[in-house]
Amino acid sequence: MKAWWKKNGGSSPERHFVLALGGGGGRGLAHLGVLDVLEEHELRPRAIIGSSIGALFGTMYALQPDAGRVIERVTEFLRSPAFAGLNLPVIDGAEIEDQSWLSVLTAAARQTMLYTRAATGIAVSHADTLVSAVHTLCEGKSFADLAIPMYISAVRFPSGECHVFEDGDLVRIIAASMAVPGVFEPLIVDGDKYVDGGLAAEVPAREARQIGDDDIVVAVNVGARPDPNFEPSNVLSMLDWSTRVKALYLRRFEKALADVLIEPLVGFRQWHDFSRVEAEIEAGRQATLEQLPLLRQLLAG
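Not measured: the values here are computed from a predicted model.

Details of the nonpolar core
- Judged by nonpolar contacts, the single largest core of 69 residues is most densely connected at Leu19 and Leu56.
- Ranked by residues supplied to this core, first place goes to helix H3 (residues 53-63) with eight residues.
- In this view, Leu19 contacts Leu35, Leu38, Pro45, Ala47, Ile48, Ile49, Val218 and Val220; residues no more than four positions away in its chain are not counted.
- Formed by 13 residues, the second largest nonpolar core is a distinct cluster that contains Ala47, Ile49, Val164 and Ile211.

Here it is, written out as structure tokens:
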């Protein structure tokens, strides 16, 4: 894959950077803090590549490079009925903060429906709700509307290859990159089915290398870690735990390919937890500020 500026015949003596935004669900809110600090310090990526939630927030910024506005729109969406309509599954009842009898009964009913869907199909939520959410957040725009070149990873289903998109149906491609297996159905793009890009490129530093050739790679890792104080109590939470452990070790290889690694302290939150918006964004800000001296040094060549 050739870099976009080389395809267009351009050249520049200055060093630039490609920003790689990883997957992580609600922990990915930290990406917004990263973008905010980079913009504040007038550091604009030559290109962005994103997996899963990183694909969504990266595209929103690439369409409108105004971090404050992106944060505002994301915050508004998370408070809207459209977000509630996604019906993101709760893995374990132990995470329910409100332990009133009504909340517990409601959670129990949802778990029962989740188990039923898990036993009779390959997903517990419909992909069309995800497509609708992405369409709203990206205002139905296309690759032609991008102010910054955007690349999006997704995994072909069922063969498992990682594919990096740079054109096509932008909304469906983002939704495919966010389609967590077992939660959302695979999405069809150009005749093939795709799922969550984070499966193969949770921190897409390797893919950023292929895009940027000689450019600096700045990668943001918001991946999950197993919580040493939480022991799974059912099959679904056990599967979630095993996925976290596997991803933890795979990310070590991906992170090693980055020149600058930004790792916000996002804790042990489940991927479906979008409740700590301000805290996650602030974590992204602080982690980026810590890496700014190194990034500036590398950019200076």
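From this point, the discussion proceeds with the structure in view.
Some thoughts on the packing of helix H2 (residues 30-40) against helix H4 (residues 67-78)
- In the contact formed by H2 and H4, the axes pass within 9 Å of each other and the chain directions differ by 160 degrees. Classified by the interaxial angle, the pair formed by H2 and H4 is roughly antiparallel. Remark: the crossing between H2 and H4 carries left-handed chirality. Contacts between H2 and H4 pair Leu32, Leu35, Asp36 and Glu39 from the former with Ala67, Val70, Ile71 and Val74 from the latter.
- Of the residues in the contact of H2 with H4, the class split is six nonpolar, no polar and two charged.

Considering the pattern of salt bridges
- In this structure the tally under the stated criterion is 12 salt bridges.
- In this structure, Arg156 engages Asp192 in a salt bridge whose closest nitrogen and oxygen atoms are separated by 3.8 Å. A residue pair is termed long-range when its members are at least 10 positions apart, and Arg156 in strand S4 (residues 150-157) and Asp192 in strand S8 (residues 192-196) qualify at 36 residues.
- The exposure class of Arg156 is partly exposed, given its relative accessible area of 24%.
- One salt bridge connects Arg206 with Glu207, and the closest N-O pair in it is separated by 3.1 Å.
- The exposure class assigned to Arg206 is partly exposed, which follows from its relative accessible area of 43%.

Section: the environment of Leu199
- Turning to its location among the elements, Leu199 is positioned in helix H9 (residues 198-201).
- Considered as a pair, Leu199 and Leu250 are 51 residues apart in the sequence and their alpha carbons are 9.9 Å apart.
- Among all residues touching Leu199, those that are not within four sequence positions of it are Val155 and Pro181.

Re the pairing of strand S9 (residues 216-220)
- Judged by how many residues are buried, S9 sits mostly within the fold: five of five residues are covered.
- Side chains Ile216, Val218 and Val220 of S9 all project onto a buried face; the interleaved residues Val217 and Ala219 project onto the opposite face, where all are buried too.
- Looking at chain direction, strand S1 (residues 17-21) and S9 are connected through five bridges and run parallel. Note that in S9 the partner of Leu21 across the bridge is Val220.
- Where S9 and strand S10 (residues 260-262) come together, three bridges link them in parallel fashion. Bridging across to S10, Val220 finds its partner in Ile262.

Rules used throughout
- Residues numbered from 1 in each chain as written.
- Predicted model: local features only at pLDDT ≥ 70, side-chain atom pairs only at ≥ 80, totals over all residues.
- Heavy atoms only, no water.
- Core = buried A, V, L, I, M, F, W, Y, C linked by side-chain atoms within 4.5 Å.
- Buried < 20%, exposed > 50% of the residue type's maximum accessible area, 1.4 Å probe, protein only.
- Helix = DSSP H or I, 4+ residues; strand = E, 2+ residues; numbered from the N terminus.
- Contact = heavy atoms within 4.5 Å.
- Axes fitted to C-alpha atoms, helices over the stretch in contact; angles between N-to-C directions.
- Parallel < 35°, antiparallel > 145°, perpendicular 65-115°, else oblique.
- Left-handed = near helix turned anticlockwise from the far one by under 90°.
- Nonpolar A, V, L, I, M, F, W, Y, C, P; charged D, E, K, R; others polar.
- Salt bridge = Lys/Arg side-chain N within 4 Å of Asp/Glu carboxyl O.
- Pairing = 2+ DSSP bridges.

Keep in mind these numbers describe shape, not what the thing actually does.
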